[in-house]
Amino acid sequence: MIRVKFCGISSVEDAILAEKLGADFIGVVSDTVSPRYVKNEFVKIVKRYVTKPVVTVKVKGELGKILEEGKEADFIQIHRVLTDEELQYLNSFRRNIILYVPASGKFETYFRKVVSSSNYMVLLDKDNENKVDLYVAKKWINEYSKVGIGGGIKPENVRDFLSLNPYWIDISSGIELYKGKKDPSKMSLIIKEVREWTSIR
Ligand SMILES: O=C(O)c1ccccc1N[C@@H]1O[C@H](COP(=O)(O)O)[C@@H](O)[C@H]1O
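Model, not experiment: these values are computed from the prediction. (Residues numbered from 1 in each chain as written. Predicted model: local features only at pLDDT ≥ 70, side-chain atom pairs only at ≥ 80, totals over all residues. Heavy atoms only, no water.)

(A) Looking closely at the overall build of the chain. In terms of regular secondary structure, the chain is built from eight helices and 10 strands. Here the chain has a C-alpha radius of gyration of 16 Å; the compact-globule value for 201 residues is 17 Å, and the two agree. Each of the three principal axes of the chain carries a C-alpha extent, and together these read 45 × 40 × 30 Å. Taken over 201 residues, the chain has a buried fraction of 52%. Restricting the contact set of the chain to residue pairs at least 6 apart, pairs at least 24 apart contribute 54%. A total accessible area of about 9700 Å² is found for the chain, and carbon and sulfur atoms account for 52% of it. (Helix = DSSP H or I, 4+ residues; strand = E, 2+ residues; numbered from the N terminus. Rg over C-alpha atoms; globule rule 2.2 N^0.38 Å. Buried < 20%, exposed > 50% of the residue type's maximum accessible area, 1.4 Å probe, protein only. Contact = heavy atoms within 4.5 Å. Areas by Shrake-Rupley, 256 points an atom, 1.4 Å probe, with all protein chains shown as cover.)

(B) Region of interest: the nonpolar core. Ranked by size, the top nonpolar core spans 56 residues in total, and within it Phe-6, Leu-124, Ile-169 and Ile-190 carry the most contacts. Excluding residues within four positions of it along the chain, Phe-6 makes contact with Ala-18, Ala-23, Phe-25, Ile-26, Gly-27, Ile-171, Ile-175, Met-187, Ile-190 and Ile-191. In this structure, Val-55, Phe-75, Ile-98 and Trp-168 belong to the second largest nonpolar core, which totals seven residues. (Core = buried A, V, L, I, M, F, W, Y, C linked by side-chain atoms within 4.5 Å.)

(C) Main features of the environment of Gly-61. Mapping Gly-61 onto the fold places it in the loop between strand E3 (54-58) and helix H3 (63-69). Linking Gly-61 and Asp-31, residues 30 residues apart in sequence, is a C-alpha distance of 9.2 Å. Every residue in contact with Gly-61, bar those within four places of it in the chain, is listed here: Ile-66 and Arg-80.

(D) Spotlight on the site of the ligand. Around the ligand, the structure places 18 residues, and the nearest of them are Ser-34, Arg-36, Asp-170, Ser-172 and Ser-173. When isolated, the ligand has an accessible area of 490 Å², and the protein chains bury 89% of it. Contributions of two or more residues to the shell around the ligand are made by strand E6 (121-125) and strand E8 (168-171). Partitioned by chemical class, the residues of the shell around the ligand number six nonpolar, seven polar and five charged. (Near = heavy atom within 4 Å. Nonpolar A, V, L, I, M, F, W, Y, C, P; charged D, E, K, R; others polar.)

(E) Just unusual backbone geometry, in detail. Backbone geometry at Asn-128 places phi at a positive 55°, although glycine is not the residue there. In this structure, Asn-128 sits in the loop between E6 and helix H6 (134-143). Given the relative accessible area of 62%, Asn-128 is considered exposed. Positive phi is not limited to glycine here, since Asn-165 has a value of about 55°. Its location among the elements puts Asn-165 in the loop between helix H7 (158-162) and E8.

(F) Representation of the packing of aromatic side chains in the model. Tallied over the entire structure, the rule returns five aromatic pairs. With a centroid separation of 4.9 Å and an interplanar angle of 55°, the aromatic rings of Tyr-89 and Phe-93 are classed as tilted. Overall, Tyr-89 belongs to the partly exposed group, its relative accessible area being 34%. Their ring planes at 5° and their centres at 4.4 Å tell us that Phe-111 and Trp-140 sit as a pair that is stacked. Taken together, the residues Phe-111 in helix H5 (residues 108-117) and Trp-140 in helix H6 connect sequence positions 29 residues apart. Owing to a relative accessible area of 0%, Phe-111 belongs among the buried residues under this scheme. Through pairs of rings, three or more aromatic residues link up here, namely Phe-25, Phe-75, Tyr-167 and Trp-168. (Phe/Tyr/Trp six-rings, centres within 6.5 Å; stacked < 30°, edge-to-face > 60°.)

(G) Fine view of the packing of helix H4 (residues 84-91) against H5. It is at 10 Å that the axes of H4 and H5 come closest, and there the two elements cross at 15°. Between H4 and H5, the interaxial angle falls into the category roughly parallel. The handedness of the crossing between H4 and H5 is right-handed. The residues of H5 that touch H4, namely those facing Asp-84, Leu-87 and Asn-91, are Tyr-110, Lys-113, Val-114 and Ser-117. Taken together, the residues of the contact of H4 with H5 sort by class into three nonpolar, two polar and two charged. (Axes fitted to C-alpha atoms, helices over the stretch in contact; angles between N-to-C directions. Parallel < 35°, antiparallel > 145°, perpendicular 65-115°, else oblique. Left-handed = near helix turned anticlockwise from the far one by under 90°.)

And the structure:
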């Protein structure tokens with residue numbers, strides 16, 4: 001079964017709708033780099049209305065602060081490439097962590113460091129503005145069980161990502177009416193594609 005994370009959720013209404021339509025994870029971006037930014041306190045509010053795990057996405061900042069600010073979330077997704085020292089520091093915490101790894105052959109060594117470090121979930125995504133290398137992504141998904149994939153997923157191309165058989169697919173901008181507002185029909189289409197894909201395999 002391929003799980004679905006709808007990310008960049010920035011209203012309770014969209015969180016409730018995402019869960020109702022079938023999302024397995026509700027992602028919120030609590031980092032000001034995002035046009036979908038929400039304050040840390042939003043996690044606690046959303047958790048009153050949904051039962052699915054809530055993921056808070058962080059990009060910048062010192063890891064200790066990220067872990068503290070993300071403590072209300074079920075998962076903390078750290079969406080930047082970490083230094084060796086940061087990976088070592090993170091290993092000393094028992095938290096549900098999702099680590100971003102750019103889906104590019106240039107990050108093969110980093111991918112191996114991450115998956116050998118601890119029991120992380122790994123999210124493959126674009127390497128800056130370079131598209132996801134689906135060949136590399138397929139190779140890594142076959143090697144490690146907890147690899148999700150994002151990076152420009154939308155209803156028109158979701159099958160390309162489902163064919164890699166990831167642990168989950170992760171979508172933010174591809175299911176929007178406009179930045180910060182999710183589109184019910186696009187979310188429904190994604191879920192429909194996933195269910196159809198899963199039912200025939
Ligand atoms: O969603 C965001 O605004 C965001 C901002 C900064 C870092 C990560 C962000 N979202 C994560 O990136 C992937 C891919 O996004 P997209 O679907 O290509 O728009 C998304 O799944 C989130 O996990």
